[in-house]
Amino acid sequence: MKENSIYVCGFGNPGRQDDGLGPAIVNRLEDENIKGIATDSNYQLNIEDADNISGSDIVIFVDASIEAEEPFSFKKIEPSAEITFTTHSMSPESVVALCIDIYGKSPEAYVLAIRGYEWEFSEGFSLKAMNNFNEAYRFLLEKINEMLNSI
Amino acid sequence: MGRKITIEPVTRVEGHGKVTIQLDDAGNVAQSRLHIVEFRGFERFVQGRPYWEAPVLVQRLCGICPVSHHLAAAKALDVIVGAGTGDGLTPTGEKMRRLMHYGQMFQSHALHFFHLASPDLLFGADGDPAIRNVIGVALEHKDLAVQGVMMRKFGQEIIRATAGKKIHGTGAIPGGINKNLSIEERDEFLKGADPLNIDKMIDWAQAAVDFFKDYHSKNTDYIDNFSVFPSSHLSIVRKDGAMDLYHGVLRCIDADGNKLLDDIDYQDYYKHIGEEVRNWSYMKFPYLRKLGMEKGWYTVGPLARCNTADFIPTPLAQKELEIFKAYTKGKPNHMSMHMHWARLIELLHSAEVMKELLNDPDLQKDDLVTKGTKQKEGVGLLEAPRGTLFHHYRINDLDQIEMANLIVSTTNNNEPMNRGVNYVANEVFNGQKEISEGMMNKVEMVIRAYDPCLSCATHALGQMPLEVTMVDSDGTVLSQRRK
């Protein structure tokens, strides 16, 4: 199994309350030292992530969401050339599309969207988001184990 | 009946921006305004916090240029801890910060050109919006897309190595830095596997400048005549007039190149620069006090820096600056699309500076922090990718921040962006009855040339769709669509 069979990428700004849910998931996951998992986190997704995901079989993007169903949603995504209007950042779908266009590789991609509620200048999650985080993390661990067994 | 056309928010810039174009009864532009929602709460938020937290706290402002805020805050706090105003750090402290800063400039400029600007150049303002983006570039100009990705990645890795991590970096601290660059880290950048090494980055940056010049030679009318209006230009420069993106003295020139400010210690910025509030905008309008609110506005950013600097202290970029300046016969350049040209010259300069720094053995030394006599107040300025960034703090006897004032680059460019929108609106909207995608994109293009960052620090999925709204003079919505 490759060291980066599954690539987990959390994104968001931990200085903006629940917006930091994605990086927090990655921080916790890194402590597990699971073989076959590569991780990264940043404020936002951007074009270099097309390169980062190109060597993996499966990619899981983890982000806070203002509209996901509670406590979280987990969905497979398809590549999309649609560029969000704030293209100082990119959507997970467009990162995958760019990866295909540049590298000819199409990792299986998913988004774990954790419902958040508060977005002010502060660190730490709202209570409801913290509960969602814990449930999402348990789910993610199970899902990763399941995926690793099938690779 | 007059019509008001609203583009909200502006595509491909950060955060919330709204363009309103008011048409009169004859269908001509009566007024245009760029509205930007700027967070003003941050300055109050930091009040009461220990001053040493500021370089990390300010990174909450923006997920796009956190390094610029990190370093500007650290520079202000250098003054407060008695480490001087930019010349008092240890060589290792200053050079590590410079490497971080030029890495930030490099990745930001690369992103802007390859991701935001090149689609407008390659596909034109009237190009199919479905492909007028980086995905379209990747499909039709794969080499450019790959270069953009890898240059951005290289800059991000420089930031990681110097700031400690990509999110909420802690590399710069009051009076210095908290880490040096190991030999292993250095060699990764100097001798990394192709293409992730500094020599390849310089080659590609030079190729990007050449790409623009070639495009310009074939599209001279488009590049030279899209939004041209006279402006003053402001930046910091090194004391000898060289371009210096990390530290220097304030210089401002008027539209003809005469110096309005020169050799000004930025600790005194507030004696020279005022901030006007207008009732229709959330964002302030900075101005030179000596010229007043009406005439004192100025432009910052790459075009301003190439206009204010006498020379660039790296050979390849200097050669390009000479070509740039010769194009306007040494006079200030006021062509909005030439901001892309200036940005690429700075991209090349940043790569050259990074190579110089990576070869400097001071980066491996251990003298990281300077201490001195504490002061109550400090100002930190630097040239962020989008222009001059001001951080100003005052602390109390408990070492808490009691006053903070920030003037971000995009705020400095508030008036010129409005003028640019007005110029383009008058060019393309007058007498038009139907509003095409191309017309709207031309308005956005002039804003994008400034690469504004509208304080977007949160980005949670589902936020901020694009809405285009057209209303008449009574406020009645005539049409609306979403992207």
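Residues numbered from 1 in each chain as written. Chains lettered and ligands numbered in written order. Predicted model: local features only at pLDDT ≥ 70, side-chain atom pairs only at ≥ 80, totals over all residues.

(A) Focus on the overall build of chain A. A count of helical and extended segments in chain A gives four helices and five strands. The helix and strand sequence of chain A, counted from the amino end, reads β-α-β-α-β-β-α-β-α. Over its C-alpha trace chain A gives a radius of gyration of 15 Å, about what one expects of a compact globule, namely 15 Å for 151 residues. Projected onto the principal axes, the alpha-carbon positions of chain A cover approximately 40 × 35 × 25 Å. In chain A, the proportion of contacts linking residues at least 24 apart, taken out of those at least 6 apart, comes to 74%. (Helix = DSSP H or I, 4+ residues; strand = E, 2+ residues; numbered from the N terminus. Rg over C-alpha atoms; globule rule 2.2 N^0.38 Å. Contact = placed C-beta atoms within 7 Å.)

(B) Structural view of the nonpolar core. One finds Leu 98 and Leu 112 of chain A together with Ile 345 and Met 354 of chain B to be the most contacted residues of the largest nonpolar core, which totals 177 residues. If you tally residues by element for this core, the top one is helix α4 (residues 91-123) of chain B, at 13 residues. The residues touching Ile 345 of chain B, leaving out its near neighbours within four places in the chain, are Val 209, Cys 306, Ala 317, Glu 320, Leu 321 and Phe 324 of chain B. (Core = buried A, V, L, I, M, F, W, Y, C linked by C-beta atoms within 7 Å. Buried ≥ 20, exposed ≤ 12 C-beta atoms within 10 Å, placed from the backbone.)

(C) Seen up close, the sheet that holds strand β1 (residues 6-11) of chain A. All names here are of chain A. Spatially, the five strands line up as an open sheet ordered β2-β1-β3-β5-β4, and their pairing is mixed. Only two strands of the sheet have a single partner each, and these edge strands are β2 (37-42) and β4 (72-77). With direction set aside, neighbouring strand axes in the sheet form an average angle of 20°. Across six bridges, β4 lies against strand β5 (residues 108-115) in antiparallel orientation. Within the sheet, the bridge partner assigned to Phe 72 lies in β5 and is Ile 114. (Pairing = 2+ DSSP bridges. Axes fitted to C-alpha atoms, helices over the stretch in contact; angles between N-to-C directions.)

(D) Seen up close, the packing of helix α8 (residues 198-218) of chain B against helix α14 (residues 338-358) of chain B. Residues and elements named next belong to chain B. It is at 9 Å that the axes of α8 and α14 come closest, and there the two elements cross at 165°. Our classification of the angle between α8 and α14 gives roughly antiparallel. α14 is crossed by α8, and the crossing has left-handed handedness. Here Ile 198, Met 201, Ile 202, Ala 205, Gln 206, Ala 208, Val 209, Phe 212 and His 216 of α8 lie close against α14, whose contacting residues are His 340, Trp 341, Leu 344, Ile 345, Leu 347, Leu 348, Ala 351, Glu 352, Met 354, Lys 355 and Leu 358. Its residues assigned to classes, the contact of α8 with α14 shows 15 nonpolar, three polar and two charged. (Parallel < 35°, antiparallel > 145°, perpendicular 65-115°, else oblique. Left-handed = near helix turned anticlockwise from the far one by under 90°. Nonpolar A, V, L, I, M, F, W, Y, C, P; charged D, E, K, R; others polar.)

(E) Up close: the sheet that holds strand β7 (residues 249-253) of chain B. Residue and element names in this part refer to chain B. Spatial ordering of the open sheet is given by β8-β7-β6-β11, a layout of four strands whose pairing is mixed. Of all the strands in the sheet, just β8 (259-264) and β11 (298-299) have a single pairing partner and so form its edges. As judged from the five bridges shared by strand β6 (residues 232-237) and β7, these two strands associate in the antiparallel manner. Across the sheet, Val 237 pairs through a bridge with Val 249, a residue of β7.

(F) Looking closely at helix α17 (residues 437-449) of chain B. All names here are of chain B. End to end, α17 covers 18 Å across 13 residues, agreeing with the expected 18 Å (1.5 Å per residue, within 8%). With respect to burial, α17 is a largely interior element, 11 of its 13 residues being buried. The complete set of buried residues in α17 reads Met 439, Met 440, Asn 441, Lys 442, Val 443, Glu 444, Met 445, Val 446, Ile 447, Arg 448 and Ala 449. Among the residues trailing α17, Asp 451 stands out with phi positive, at a value near 50°. (Expected span 1.5 Å × (residues − 1).)

(G) Focus on helix α1 (residues 21-30) of chain A. Residues and elements named next belong to chain A. In terms of residue burial, α1 counts as a mostly covered element, since seven of its 10 residues are buried. For α1, the complete set of buried residues consists of Leu 21, Gly 22, Pro 23, Ala 24, Ile 25, Val 26 and Leu 29. In this structure, the buried side of α1 is in contact with β1, β2, β3 (58-65), β5 and α4 (127-150).

(H) Representation of the pairing of β5 of chain A. All names here are of chain A. Of all eight residues in β5, seven are buried, a share of seventy percent or more. Relative to β5, β3 is paired through eight bridges, and the arrangement is parallel. Each residue of the ladder has a partner; that of Phe 61, found in β5, is Val 111.

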